[in-house]
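Architecture at a glance
If you want the building blocks of each chain, they are given just below.
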Amino acid sequence: MLARIVFHEWRVLRADRTLWLLLAVLVPLVAYAYANGAAWQSSQQEIVRQVLADDSTRLATLSAQLLAIESGEVAAPPAFQNPALPAPVGRSLGTRAAVLPPAPLAATSVGMGDLFPSYAVVSTVSGDPFLRTPSIENPLHLLAGRFDLAFVIVFLLPLFVLSIGYGLLSQEREDGTLALLLTQPLPSGTLVAGKLIARFVVLLGILIIATVLALLLGGAGNLLSWASAVGLWIAVVSAYTLFWLLVVALVNIRGRSSSENAMTLATVWLLLTIVLPAALNITASMRYPVPSRAEMIGVEREAAEEAQQQGATLLAAFYQDHPELAPDSVAAGPTSFSAQSWAVQEEVERVVAPVRARYDEQAASQRELLRRFRFLSPALMVQEALQDIAGTGDVRYGEFRAQVHALRAEFREFIGARIVRGDAFTSADVASIPAFAVDTSDGLDAGATSRVVVNLVGLLVLAMALAGLLMAQLPRVRMRVRA
Amino acid sequence: MILTIARKEAREIWRDGRFRWGAVLVAGLLAVALISGWQNYSDISASHKAATEATWERWLDQGEKNPHSAAHYGVYAFKPMTPLSLVDQGVSAYTGVFTWLEAHNQNPFEYRPAQDGPALARFGQLTASTVLQLLVPLLIVLLGFSAITGEREAGTLRLLLGSGIRRGTIAGGKAAGLSLGLSALVVPAAAVGALALVLAADVEHGVSASRVVMLASSYLLYFGTVLGMTLAVSAWARSSRVALLSLIAIWIVNALLSPRLASDVARSLHPLPSAESFRTAINDELRNGIDGHSPQDVRQEALRDSVLAAHGVDSIPQLPVNYAGISLQASEEYANHVYDRHFGDLADRMRSQEAVHRTLGIVTPMLAVRSASMGLSGTDVFHHEHFVRAAEEHRRLIQRILNGDIEKNSRFGETYTVGPEVWSQVPAFTYEPPVLASVLSKEAPSFVILAAWLLLSGLAFGLGVHRVAPE
């Protein structure tokens, strides 16, 4: 019986041009959104390629310069750009790049990728190399966000569901066919289920085929090793569609007119995808306001000044703490100057670190609060899941930032030890400058997968709650048959 | 007669439970948005004010050093928050908030506040402008979609026409009645907003009553347009359902799709360089000259020869002034020239992109009102660029003063240090926001577009009412 209803609904959808209309709108929409994301993805790939190329050129140049100086072919340049001294190497000549190549599915959701850099250059210079990587984008476009596939899914897909479902039962009633249908030996649950299944299959079928085609044609690369990610993507989108179809059914069994249903559904959509997220954002930012970074600059400068004034004392204290790093004889000239300014820098880092941490903690609390409340709105869960699958969510950028900071610490230690020991920098040292381990893993990492699964479960729980509500109400609903 | 119809419409709206709930929700959101906008404004402006004072004190207290060391030490410029940001925060979460004014370099603005926010924040902040641009129009749609179709479907249109009322009167009465109903929401909101602005009133940041009035009128034009469109669709549509669905579709394109699509159009018409190629181009020109054939040492040599010739001496120590100051200032000026070319070009492109968004208001009125709203609130790209420009001018002023001091008061090669007497010659950085006239001349197209929309939608409504036939 159910199969017959589904088949009948499918014929109706085909006959009343809904199917063709969906094809004509949804397919170009997916193609456009994907192409948009793919353009961003390839620009990121290009940047990463360029940064890595620059990185190896920089080291090769450094090596060549050092060899030339060591063999006596050329005289050493002035101290501030002398590659044989560790300080200039740490500042600019031997800096190392860290990169975050876009994941294969990055084109499906630009996410935070337009706001955060996909690389950072690590040096001994003060400041957060991740947050200070320059990027050029019109802020107006950052505000609007990208027209990518995630946007189509989160905001537009529900609207498609509503447009093919707002008259689920009311249309039959207005056409006078509901009375006929209900005279058949047909449980109303089966009727509703059949109608929902037909719409679910048609809508998702078009969407998934179009997306997979886009992924294949768009050259997303080795999709096989990302099959589980694609599978998760499909599961999340299906659960989201299911949720909205159930909302449609619940509104329809109230027996109101098609117009009223459309109005109610539009309101529900507005509340869940626009009003609630905005309200949660405002709650989180009022509860955990992240102060302007302006204050941080003040602390940094003050620390720098105090440290500078006691530069010599700091260096002496430093040698006391690290006797292994003290040079045999404290040499005069640029070395001791470098050592002193290094001690000053270390002190500034030490003082500023807790201040920076406070900002990060506040931002993290804000994120945590929002993440806890995301279960209230399916749109929030879907957005986060799609970003995690695409590798463009704030968690992944946060991890990258932590990796950048770890490399920076390692790099500073490497250079700093040579500065305070008063060692020269030699061509043999170039190979041991700490390097970034580029993420080349295939497939989603465990953390991302578990986050996606949690959101998926959240969506399914919501859907199940709606389904339960529907099933509880259906037998008790007196189907109004007259418009 | 118009009045009778209007009164009836307004009364019907007020009695409608849906409208009451919608209005309460919208008013509540608006209140929350204004409160948090106010909190945001006062937090940021207090911290930036403190930071500005602190950076200035540190500049004065930096002790004895060479003026050029001081130039490297520099000061920071913090972007002030405008009080009207409590209505529209515009792009302020997506632009850097401060820059370092140091010798030689025009530094980019750092720390976009959105980078500290969660990914979910990209759903959009709840600001008064969101409520006014997205939610109020939807409320208007829900209120008015059946204004004419409803009369027709209920058979009352025939009665109305039969009683000899002119169609123009019906149209006027409907429009007036709906406006009256809406004013129940808009008037208190405007009052609250005005009160908040009185509290926030801050002449030094260029908030004047006329700015507020212009801001309010841009929204009134927009609401008028949406109302006109709603009524027009209601007059032309076959049924209430068709009217509602068409209006929701229009709302989706207008509110949801247009900002993103406009970004794509703007991006493809006026592409921006990548940060990497931008930096490289500047560094190349600094190193090899703007024409690519005059490297730094050649430029230095030419400068030295011309300075020596001008003073009629043949070596640097013979000069009556310190050549170091002249040379530093010359390299600053050369760099400024390079920065003007590149940063100027970048700013031009961003402005062109902004203009694309504004012009596309011809297609969807939301883009026009958004542009006017951000512009008048002082939170658009134009205002940001204005501050960037002012900060850069101040940086150049600092360099001129310090290099001039080296040139006039020191000898070539000597160890030269100065103290607060020179630091205080540099004026504190004060920022004058753009005057209303310059904002208005930029936003004039937005107002023209909105007025045209209002006229057009009113016309479409009038025509629709004149051809509508009772069922």
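Calculation notes
Residues numbered from 1 in each chain as written. Chains lettered and ligands numbered in written order. Predicted model: local features only at pLDDT ≥ 70, side-chain atom pairs only at ≥ 80, totals over all residues. Helix = DSSP H or I, 4+ residues; strand = E, 2+ residues; numbered from the N terminus. Rg over C-alpha atoms; globule rule 2.2 N^0.38 Å. Buried ≥ 20, exposed ≤ 12 C-beta atoms within 10 Å, placed from the backbone. Contact = placed C-beta atoms within 7 Å. Nonpolar A, V, L, I, M, F, W, Y, C, P; charged D, E, K, R; others polar. Pairing = 2+ DSSP bridges. Axes fitted to C-alpha atoms, helices over the stretch in contact; angles between N-to-C directions. Parallel < 35°, antiparallel > 145°, perpendicular 65-115°, else oblique. Left-handed = near helix turned anticlockwise from the far one by under 90°. Expected span 1.5 Å × (residues − 1). pLDDT = per-residue confidence, 0-100.

Attention shifts here to the overall build of chain B. Helix and strand content of chain B: 16 helices and two strands. In terms of C-alpha radius of gyration, chain B reaches 29 Å, well past the compact-globule figure of 23 Å for 471 residues. Counting only C-alpha atoms, chain B reaches 105 × 45 × 35 Å along its principal axes. Burial analysis of chain B (471 residues in total) assigns 44% to the buried set. Look at the contacts in chain B between residues 6 or more apart in sequence, and 84% of them connect residues 24 or more apart.

In this assembly, 62 residues from chain A lie in contact with 63 residues from chain B. Those elements that place two or more of their residues in the side of chain A that touches chain B are helix 2 (18-70), helix 4 (139-144), helix 5 (149-165), helix 10 (258-287), helix 11 (294-309), helix 13 (334-373) and helix 14 (378-390) of chain A. The residue makeup of the side of chain A that touches chain B, split by class, is 36 nonpolar, 16 polar and ten charged.

Turning to the pairing of strand 2 (residues 119-122) of chain A, a few remarks are in order. Residues and elements named next belong to chain A. Of the two faces of strand 2, the one lined by Tyr-119 and Val-121 and the one lined by Ala-120 and Val-122 are each fully buried. The sheet contact formed by strand 1 (residues 96-99) and strand 2 spans four bridges and is antiparallel. In the strand pairing of strand 2, Ala-97 is matched with Val-121.

All names here are of chain B. Two elements in contact, helix 10 (residues 275-288) and helix 12 (residues 323-359), have axes separated by 9 Å at closest approach and are oriented at 155°. One way to sum up the angle between helix 10 and helix 12 is to call them roughly antiparallel. The chirality of how helix 10 crosses helix 12 is right-handed. In contact with Phe-278, Ala-281, Ile-282, Glu-285 and Leu-286 of helix 10, helix 12 contributes Ala-335, Val-338, His-342 and Leu-346. Residues belonging to the contact of helix 10 with helix 12 are distributed by class as follows: seven nonpolar, one polar and one charged.

Turning our eyes to something else, we now look at the pairing of strand 1 (residues 75-78) of chain B. Residues and elements named next belong to chain B. Here strand 1 shows no split at all, with Val-75 and Ala-77 on one side and Tyr-76 and Phe-78 on the other all buried. Two strands pair when backbone bridges link them, and strand 1 and strand 2 (residues 98-101) are joined in this way by four bridges, in the antiparallel orientation. Pairing of Phe-78 across the sheet is with Phe-98, part of strand 2.

Moving on to helix 1 (residues 2-15) of chain A. Spanning 14 residues, helix 1 of chain A covers 20 Å between terminal C-alpha atoms, matching the ideal 20 Å at 1.5 Å per step. The secondary structure elements touched by the buried residues of helix 1 of chain A are helix 2 and helix 8 (188-217) of chain A.

A separate point is the confidence of the model for chain B. Low-confidence regions, as indicated by low pLDDT, have predicted coordinates that should not be scrutinised in detail. Residues and elements named next belong to chain B. For chain B, mean pLDDT is 89; residues scoring 70 or higher make up 97% of the total. Per-element averaging of pLDDT across chain B places helix 7 (residues 167-200) at the bottom with 81 and helix 13 (residues 365-377) at the top with 95. Confidence metrics for the complex model read pTM 0.92 and ipTM 0.91.

Let's shift gears to the environment of B:Glu414. Note that B:Glu414 resides in the loop between helix 14 (381-409) and helix 15 (420-423). The sequence separation of B:Glu414 and B:Asn322 amounts to 92 residues, and the corresponding C-alpha distance is 9.6 Å.

With that settled, consider the environment of A:Leu22. Residues and elements named next belong to chain A. Looking at the secondary structure, you find Leu-22 in helix 2. We classify Leu-22 as buried; it has 20 C-beta atoms within 10 Å. The spacing of Leu-22 and Leu-191 is 169 residues in sequence and 23 Å in space, taken between C-alpha atoms. Not counting the four nearest positions on each side in its chain, Leu-22 is found in contact with Phe-160, Val-202, Leu-203 and Ile-206.

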